[in-house]
Amino acid sequence: GKKYEDLCPSSHNLDVPFVKRTEYQLLSADADTGEVSLLLESGACKDDLNLPTFVKVGEPTDDDKKVVEEILKGMEDGKEVIVIVQAAC
């Protein structure tokens, strides 16, 4: 991904997001609806996420489209696909 850098005087306060990075095993992905099913470490399923090209605001980027192609190709080839989910708190 892209890195951004911002210089700010030390006398100013800055809000910095806390980013949580989690890896999941992909169980299934539907190219038509965008729904994905992920396996949690506890053995439960996480079904509340979509493929990156199914966005509610804006348009998907070329990188989003490339990631979706890689995910779907890995599923079709029968490979174990591990996805990384990043969340800003």
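Refer to the preceding data block for the structure.
As the structure is a computational prediction, the values presented were derived from the model and not from experiment.

### Observations regarding the overall build of the protein chain
Counting its regular elements, the protein chain contains one helix and four strands. In sequence order, the protein chain lays out its α and β elements as β-β-β-α-β. Overall, the protein chain is about 55 × 30 × 20 Å in size when its C-alpha atoms are taken along their principal axes. Burial analysis of the protein chain (89 residues in total) assigns 15% to the buried set. Each charge sign in the protein chain was given a centre, from 10 positive and 19 negative side chains, and these centres are 4 Å apart.

### Looking at the pattern of salt bridges
Per the stated rule, a full pass over the model turns up three salt bridges. Salt-bridge contacts for Glu 23 lead to Arg 21; the nearest nitrogen and oxygen are separated by 3.3 Å. Across the pair Lys 73 and Asp 77 runs a salt bridge, and its minimum N-O distance is 2.9 Å.

### Here's the deal with a negative patch on the surface
Together, Asp 30, Asp 32, Glu 35 and Asp 47 make up a region of like negative charge exposed at the surface. Topologically, Asp 32 is positioned in the loop between β1 (19-29) and β2 (35-39). On the basis of relative accessible area, Asp 32 is assigned to the exposed category, the value being 71%.

### Topic: the sheet that holds strand β3 (residues 45-50)
With antiparallel pairing, four strands are arranged side by side in an open sheet as β3-β2-β1-β4. Each of the sheet's edge strands pairs with one partner strand only, and the pair in question is β3 and β4 (82-88). Each neighbouring strand pair of the sheet contributes to a mean axis angle of 50 degrees, computed without reference to strand direction. Helix α1 (residues 62-76) rests against β1 and β4 of the sheet, and its axis sits at about 45 degrees to β1.

### Digging into the environment of Val 67
Topologically, Val 67 is positioned in helix α1. Given the relative accessible area of 36%, Val 67 is considered partly exposed.

### What about the environment of Glu 41?
As for its position among the elements, Glu 41 is in the loop between β2 and β3. Glu 41 sits 17 residues away from Tyr 24 along the chain, and the two C-alpha atoms are 7.8 Å apart.

### Points about the nonpolar core
Counting residues in each nonpolar core, the largest one holds ten residues, listed as Tyr 24, Leu 26, Val 36, Leu 38, Leu 51, Val 68, Ile 71, Leu 72, Val 81 and Val 83. Within the residue set of this core, elements represented by two or more residues are β1, β2 and α1. Among the elements that take part in this core, α1 stands out by supplying three residues, more than any other. If we ignore the near neighbours within four places in the chain, the residues touching Val 81 are Tyr 24, Gln 25, Leu 26, Ile 71, Gly 74 and Met 75.

Cut-offs and rules
Residues numbered from 1 in each chain as written. Predicted model: local features only at pLDDT ≥ 70, side-chain atom pairs only at ≥ 80, totals over all residues. Heavy atoms only, no water. Helix = DSSP H or I, 4+ residues; strand = E, 2+ residues; numbered from the N terminus. Buried < 20%, exposed > 50% of the residue type's maximum accessible area, 1.4 Å probe, protein only. Lys, Arg positive; Asp, Glu negative; His and termini not counted. Charge placed at Lys NZ, Arg CZ, Asp CG, Glu CD. Salt bridge = Lys/Arg side-chain N within 4 Å of Asp/Glu carboxyl O. Patch = residues over 30% accessible without salt bridge, like charges linked within 9 Å, V, L, I, M, F, W, Y side chains within 5 Å. Areas by Shrake-Rupley, 256 points an atom, 1.4 Å probe, with all protein chains shown as cover. Pairing = 2+ DSSP bridges. Axes fitted to C-alpha atoms, helices over the stretch in contact; angles between N-to-C directions. Contact = heavy atoms within 4.5 Å. Core = buried A, V, L, I, M, F, W, Y, C linked by side-chain atoms within 4.5 Å.

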